[in-house]
Amino acid sequence: MSGRVIVAGSLNMDLVAEAPSLPRAGETVMGTAFHTLPGGKGLNQAVAAARLGAEVAMIGCVGRDAFGARLLDVMRADRVDASGVRQTDDAPTGIAQIVVSAGENCIVVVPGANMTLTDADVSSTRIDGGDVVVAQLETPIAVTERLFARARDATTILNAAPAAVVPDSLLALTDLLVVNETELATLSGATLRDDSALADIVAAARALRRPAMTVIVTLGRRGAVMLAGDAPPHAIDGHAVEAIDSTGAGDCFVGAYAAALATGRPGSALAFANAAAALAVTRRGAAPSMPRLAEVEALMLI
Ligand code: RIB
C-alpha cells in the first residue's frame, strides 16, 4: 500500500553559529562562521521524506515575514505541498539559535508562529488509509492529539522531540513512537546516559509501549533499536561516517522512515532511515543536509 506523508509540525529559521567549543553558562566563545538555514523539526522531516521519494504535504504556521517567505520557497523547491501552511500576522516565524562545534550542537527554539497552530489548520487536510501522519512536540500537543484521532485509518508517527512528557491520551493514538535516549529518559522516567547499555534502553522503551505501538530509539553513532509486537528487540548498527553537524539527524531518520512506509517498503524502513540519518550528519545544517534517494540506497549497499 502506498500513500502520502503528512507532516504537521514546526518550521523555523535556524540561526547557526559555528564555534571551536560549545559555550558554558556565562562564557563567551568567539565563533568562526554564521549561517541562516531552513529548519524546524517538521520542515526537516518533510524535506527528508520528499527527497527520499514520498509525496509530502506539510501542515504548519509561519509569520508573514522574510523568514516565513523563505521557508515557503524551500518547500516549493523540494516539492513539499505547502497549501496547509498558514501565514499569520499574529506572531513571527519560529527561530532556532544553534551553536555547532565538532559535530555536536546546542539549540534554543523560540517557537513564534508554530505555537499558533490550531485544530482548523490540521482539519482541512485529507487523510487516507495508506497515508503516514507525522508530528513532533514543537507545535501544540492538543492539536496533534486531535489530528492523530482523525488519522486512525492511517499510520501515525510521533517523534517526541524536544524531550517532554507526553499525555497518555496522545501515546494511545500513536502507532510508532521515535525518540532518542534523552527523550526516552524524559518520557519513561528512567536514568539513561548517551552511552547507556542497550539492555537498559530496551527496558525503558518496553515500559513506554502500549499494545500495538512500535517504539524506535535512535542511538546516534550507535544506530537504533526497534521494539515491535512480540518480536525480540531489533538493533541496527550505525554507519561509520565523519560527523560535521548532527543538527536534524533525528529528523532525517523520522522523515526517511515515514517515506519508506508511505512508498510501500516497510521491511527495509529501519535500515533505510539509519542510512539516511548517517548521511545527514556529514553535512551542514538541518533541512539542507537531507540526502537524496540514490545516496541512501548506495550507502545501504556498503
Ligand atoms: O531537530 C533540529 C531542529 O530542531 C532544528 O532545525 C531547529 O529548528 C529545531 O527545531
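None of the values given here were measured: they were computed from a predicted structure. Numbering of residues begins from 1 in every chain and follows the order in which that chain's sequence is written. Given that this is a predicted model, residues contribute local features only at a pLDDT of at least 70 and side-chain atom pairs are listed and counted only at 80 or more, while totals for whole chains, interfaces and linings are drawn from all residues. Here the side-chain values reflect all heavy atoms present in the structure, with hydrogen atoms and water set aside.

1. A word on the overall build of the protein chain
Each helix corresponds to a stretch of at least 4 residues labelled H or I by DSSP, and each strand to a stretch of at least 2 residues labelled E; elements are numbered beginning at the N terminus. A tally of helices and strands in the protein chain yields 10 helices and 13 strands. Over its C-alpha trace the protein chain gives a radius of gyration of 18 Å, about what one expects of a compact globule, namely 19 Å for 302 residues. In terms of principal-axis extent, the alpha carbons of the protein chain reach across some 50 × 45 × 40 Å. The classification of residues rests on relative accessible area computed with a 1.4 Å probe and restricted to protein chains. Under 20% of the type maximum is buried, over 50% is exposed, and intermediate values are partly exposed. Taking all 302 residues of the protein chain together, the buried fraction comes to 53%. It only takes one pair of heavy atoms within 4.5 Å for two residues to be counted as in contact. Look at the contacts in the protein chain between residues 6 or more apart in sequence, and 64% of them connect residues 24 or more apart. Under the convention used here, a 1.4 Å probe and the Shrake-Rupley method define accessible areas, while residue burial counts only the protein chains that appear. For the protein chain, the accessible area works out to roughly 12700 Å², and carbon and sulfur atoms hold 55% of it. Considering the protein chain, the positive charge centre built from 23 side chains and the negative charge centre built from 32 side chains are found 2 Å apart. We take the radius of gyration over the C-alpha atoms and set the globule estimate at 2.2 Å times the residue count to the 0.38 power. The charged-residue count follows a simple rule in which Lys and Arg add positive charge and Asp and Glu add negative charge, with His and chain termini not counted at all. Where a charge lies is defined by one atom per residue type: Lys uses NZ, Arg uses CZ, Asp uses CG and Glu uses CD.

2. Let's talk about the site of the ligand
If you check the shell around the ligand, you find Asn12, Asp14, Gly39, Gly40, Lys41, Asn44, Ala96, Val109, Glu138, Gly248, Asp251 and Ala286 and nothing else. Under the rule applied, a polar contact is a pair of N or O atoms within 3.5 Å (in protein, one hydrogen donor and one hydrogen acceptor; residues adjacent in sequence only if both atoms are side-chain atoms). Here an oxygen atom of the ligand and a backbone polar atom of Gly40 are 2.9 Å apart. In this structure, an oxygen atom belonging to the ligand sits 3.1 Å away from a side-chain N or O atom of Asn44. Notes on the ligand: free accessible area 280 Å², of which the protein chains cover 96%. Broken down by secondary-structure element, the contributors of at least two residues to the shell around the ligand are β2 (12-18) and α1 (41-51). Being near a molecule or strand, for a residue, comes down to having at least one heavy atom within 4 Å of it.

3. Section: the side chain of Asp131
Examined against the element boundaries, Asp131 turns out to sit in the loop between α3 (119-123) and β8 (132-135). The exposure class of Asp131 is buried, given its relative accessible area of 3%. Within the structure, Asp131 has its side chain in polar contact with the backbone nitrogen of Asp128 (distance 2.7 Å). Setting aside residues up to four positions removed in sequence, Asp131 forms contacts with Gly3, Arg4, Ile6, Arg126, Ala154 and Thr155.

4. Remarks on the side chain of Asn44
Among the secondary structure elements, Asn44 is positioned in helix α1. The class for Asn44 is buried, based on a relative accessible area of 2%. Among all residues touching Asn44, those that are not within four sequence positions of it are Pro38, Gly39, Gly248, Asp251, Ala286, Ala287 and Met290.

5. Regarding the sheet that holds strand β10 (residues 176-180)
The pairing criterion is simple: DSSP has to find at least two bridges between the two strands. One open sheet holds the 9 strands; their spatial order is β5-β4-β1-β8-β9-β10-β11-β12-β13, and the pairing between them is mixed. Of all the strands in the sheet, just β5 (80-88) and β13 (234-236) have a single pairing partner and so form its edges. With direction set aside, neighbouring strand axes in the sheet form an average angle of 15 degrees. Across 7 bridges, strand β4 (residues 56-63) lies against β5 in parallel orientation. Directly across from Gly60, in β5, lies its bridge partner Val85. Axis definition: a line fitted to C-alpha atoms, over the contacting stretch in the case of helices. Angles run 0 to 180 degrees between N-to-C directions. Together, β1 (5-8), β4, β5, β8 and β9 (155-159) form the strand contacts of α1, whose direction differs from that of β4 by roughly 150 degrees.

6. Focus: the environment of Val143
If you trace the backbone, Val143 turns up in helix α4 (residues 141-150). Using a relative accessible area of 7% as the deciding quantity, one classes Val143 as buried. Not counting residues within four places of it along the chain, the set of residues in contact with Val143 comprises Leu117, Thr118, Asp119 and Val122.

7. Section: the pattern of salt bridges
Salt bridge criterion: a side-chain nitrogen from Lys or Arg within 4 Å of a carboxyl oxygen from Asp or Glu. In the structure shown here, the tally under the stated rule is 15 salt bridges. For Asp168, the salt bridge goes to Arg210, with nearest N and O atoms at 2.5 Å. A residue pair is termed long-range when its members are at least 10 positions apart, and Asp168 in helix α5 (residues 168-171) and Arg210 in the loop between α7 (198-208) and β11 (214-218) qualify at 42 residues. Salt-bridge contacts for Arg222 lead to Glu181; the nearest nitrogen and oxygen are separated by 3.0 Å. Linking Arg222 in the loop between β11 and β12 (224-227) with Glu181 in helix α6 (residues 181-188), this pair joins segments that are 41 residues apart in sequence. With a relative accessible area of 7%, Glu181 lands in the buried category. Bridged by salt links that share partners, the residues Arg51, Asp78 and Arg292 form one connected network.

8. Quick notes on the sheet that holds strand β6 (residues 94-101)
A sheet is described by the order of its strands in space; here 4 strands give the open sequence β3-β2-β6-β7, paired in mixed fashion. Both outer strands of the open sheet, β3 (33-39) and β7 (104-110), are each paired with one neighbouring strand and no more. Direction aside, the axes of adjacent strands within the sheet are offset by 20 degrees on average. Here β2 pairs with β6 via 7 bridges, running parallel. When the sheet's bridge partners are listed, Val16 is paired in β6 with Ile98. Running over the sheet, helix α2 (residues 66-77) touches β2, β3 and β6 and is turned about 65 degrees from β3.

Keep in mind these numbers describe shape, not what the thing actually does.
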